[in-house]
Amino acid sequence: MGLWIDISQRLDKNVAVWPGDTPFSYKINWSKNDSGSVNVGQINMSLHTGTHIDAPFHFDNDGKRVIDLDLDLYIGNAQVIHLPNKTSIGVNELSNFDLQGVTRLLIRTDAWKNRSVFPQTIPHIQPELAAYLSELGVRLIGLDLPSVDPLESKELSAHHELAGHNIHILEGLILDGIGPGNYELAALPLPLVEADGSPVRAVLKKLP
Ligand SMILES: N[C@@H](CC(=O)c1ccccc1NC=O)C(=O)O
Ligand SMILES: [Zn+2]
Ligand SMILES: [Zn+2]
């Protein structure tokens with residue numbers, strides 16, 4: 001077994017998408033039979049499908065696009081914590097963890113049980129958590145959920161508060177079987193110039 005653990009959702013036509021959003025598709029536009037030399041494929045997908053990062057432009061017309069994001073956010077030490085059976089995640093839920101000096105915080109909720117269907121309800125991040133986390137030095141929050149806000153939210157208060165405190169968002173992780181502790185994380189966005197989000201290949205390596 002390799003050292004790096006894949007914590008990304010697989011991308012194929014069965015991946016769950018936000019209700020009403022673009023289904024994932026892959027097709028071969030130019031086949032080896034036709035071209036005589038190569039298969040050339042094309043994917044069509046929403047940038048918020050599967051394991052992905054949000055750029056602030058996703059929820060703020062004046063916010064940063066994917067190309068403007070600091071890559072240092074998406075590679076480096078990360079702390080994994082377990083918070084199962086919560087309806088929401090706020091300062092109370094995190095008060096028993098020592099998060100001093102944590103730059104990247106990954107929260108395993110286990111709340112999205114059947115990943116082939118979009119969840120009906122998820123535990124959301126309480127907007128007040130943003131100030132608390134930024135005080136501790138957190139710059140990236142990652143979750144095993146499709147959003148940091150309630151699914152029906154239009155205000156996206158947690159997205160806005162996190163961005164307002166310089167905390168970036170990683171969504172749709174698979175953290176099944178990942179124990180709490182210290183890891184090295186890599187989850188780099190693509191160099192998409194105009195985009196509001198990007199799929200990532202998220203991987204973890206356990207640190208001693
Ligand atoms: N907040 C979600 C995405 C989201 O809100 C969304 C994604 C795709 C299509 C519609 C969406 N929201 C509609 O209200 C996210 O940050 O990924
Ligand atoms: Zn998103
Ligand atoms: Zn989001």
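Rules behind the numbers
- Here, residues in each chain are numbered from 1, in the same order as that chain's written sequence.
- As they are written, the chains are lettered A onward and the ligands numbered 1 onward, keeping that order.
- Whole-chain, interface and lining totals are the exception, using all residues; otherwise, since this is a predicted model, local features are given only for residues with pLDDT of at least 70 and side-chain atom pairs are given and counted only at 80 or more.
- As a rule here, side-chain values cover all heavy atoms of the structure and leave hydrogens and water aside.
- Helical segments are the DSSP runs of H or I of at least four residues, strand segments are the runs of E of at least two, and each set is numbered from the N terminus.
- Values of the radius of gyration come from C-alpha atoms, whereas the globule rule sets the reference at 2.2 Å times the count of residues to the power 0.38.
- Partly exposed residues are those whose accessible area sits between 20% and 50% of the maximum for their type, while under 20% is buried and over 50% is exposed, using a 1.4 Å probe and protein chains only.
- Computed by Shrake-Rupley with a 1.4 Å probe, the accessible areas treat only the displayed protein chains as cover when residues are assessed.
- Counting rule for charge: Lys and Arg are taken as positive, Asp and Glu as negative, and neither His nor the chain ends is counted.
- Charge placement uses NZ in Lys and CZ in Arg. For Asp and Glu, CG and CD serve respectively.
- Two aromatic rings, drawn from Phe, Tyr or Trp (for Trp, its six-membered ring), form a pair once their centres lie within 6.5 Å of each other, and the interplanar angle then sorts them: stacked below 30 degrees, edge-to-face above 60, tilted otherwise.
- The criterion for a charge sitting over a ring is simple: Lys NZ or Arg CZ within 6 Å of the ring centre, and within 35 degrees of the ring normal.
- Residues are classed as near a molecule or strand on a simple rule: at least one heavy atom within 4 Å of it.
- Under this definition, polar contacts are N or O atom pairs within 3.5 Å; protein pairs additionally need one hydrogen-donor-capable and one acceptor-capable atom, and for neighbouring residues in sequence, both atoms have to be side-chain atoms.
- Donor atoms: N, O and S within 2.8 Å of the metal, or within 3.2 Å for Na, K and Ca. Because water is excluded, sites can look incomplete.
- Side-chain atoms within 4.5 Å are what join buried Ala, Val, Leu, Ile, Met, Phe, Trp, Tyr and Cys residues into a set we call a nonpolar core.
- The contact criterion used throughout is that any non-hydrogen atoms of two residues lie within 4.5 Å.
- UniProt positions are given in the numbering used here, feature names are shortened, and annotations may be inferred rather than shown by experiment.

Student: Explain the overall build of the protein here, please?
Tutor: Helix and strand counts for the protein come out as four helices and 13 strands. For the protein, the C-alpha radius of gyration of 17 Å lies close to 17 Å, the compact-globule estimate for 208 residues. Per-residue burial for the protein yields a buried fraction of 45% across its 208 residues. For the protein, the computed accessible surface area is about 11,000 Å², with 50% contributed by carbon and sulfur atoms. Once the 16 positive and 25 negative side-chain charges of the protein are each reduced to a mean point, those two points are 10 Å apart.

Student: What is the right way to read the packing of aromatic side chains from this model?
Tutor: Any pair of aromatic rings gets described here by the distance separating the centres and the angle formed by the planes. Overall, the coordinates contain two aromatic pairs when judged by the stated rule. In textbook terms, an aromatic cluster arises when at least three aromatic residues are bridged by ring pairs, as seen for Trp 18, Trp 112 and Phe 118. Against the face of Trp 112 rests Arg 115, its NZ or CZ located 5.8 Å from the ring centre. If you follow Lys 206 out to its NZ or CZ, it ends over the ring of Tyr 183, 4.8 Å from the centre.

Student: What is the right way to read the site of ligand 1 from this model?
Tutor: All residues in the neighbourhood of ligand 1 are listed as Trp 18, Asp 21, His 48, His 52, Asp 54, His 58, Pro 146, Ser 147, Lys 154, His 159 and Glu 171. A distance of 3.2 Å is found between an oxygen atom of ligand 1 and a side-chain nitrogen or oxygen belonging to His 52. When the free accessible area of ligand 1 is taken as 400 Å², the share hidden by the protein chains comes to 79%.

Student: What am I meant to see in the coordination of the zinc ion (ligand 3) here?
Tutor: For a metal with four tetrahedral donors the ideal donor-metal-donor angle is 109.5 degrees, while six octahedral donors give ideal angles of 90 or 180 degrees. The zinc ion (ligand 3) binds to the protein through Asp 54 (OD), His 159 (NE2), Glu 171 (OE) and Glu 171 (OE), with metal-donor distances spanning 1.9 to 2.5 Å. Between the donor residues of the zinc ion (ligand 3), the gaps in sequence give the motif D-x104-H-x11-E.

Student: What am I meant to see in the nonpolar core here?
Tutor: The tendency in soluble globular proteins is for nonpolar side chains to be buried as a group. Residues Leu 94, Leu 105, Ile 107, Ile 125 and Leu 133 are the most contacted members of the largest nonpolar core, which totals 29 residues. At the level of elements, strand E7 (104-108), helix H3 (129-136), strand E9 (140-143) and helix H4 (157-164) are the ones that each hand at least two residues to this core. With four residues, H3 is the single largest residue contributor to this core. For Leu 105, the residues in contact, after removing those within four places along its chain, are Gln 79, Ile 81, Leu 94, Leu 99, Leu 133, Val 138, Leu 140, Ile 141 and Gly 142. Counting 22 residues, the second largest nonpolar core, distinct from the first, contains Ala 55, Tyr 74, Leu 140 and Leu 204.

Student: Which parts of the structure should I look at to understand the UniProt feature "binding site: substrate" (unreviewed entry) in the protein?
Tutor: Mapped onto this structure's residue numbering, the UniProt feature "binding site: substrate" (unreviewed entry) falls at Trp 18. With respect to the helices, strands and loops of the structure, Trp 18 is situated in the loop between strand E1 (5-6) and strand E2 (25-30). If we ignore the near neighbours within four places in the chain, the residues touching Trp 18 are Phe 118, Pro 146, Ser 147 and Leu 151.

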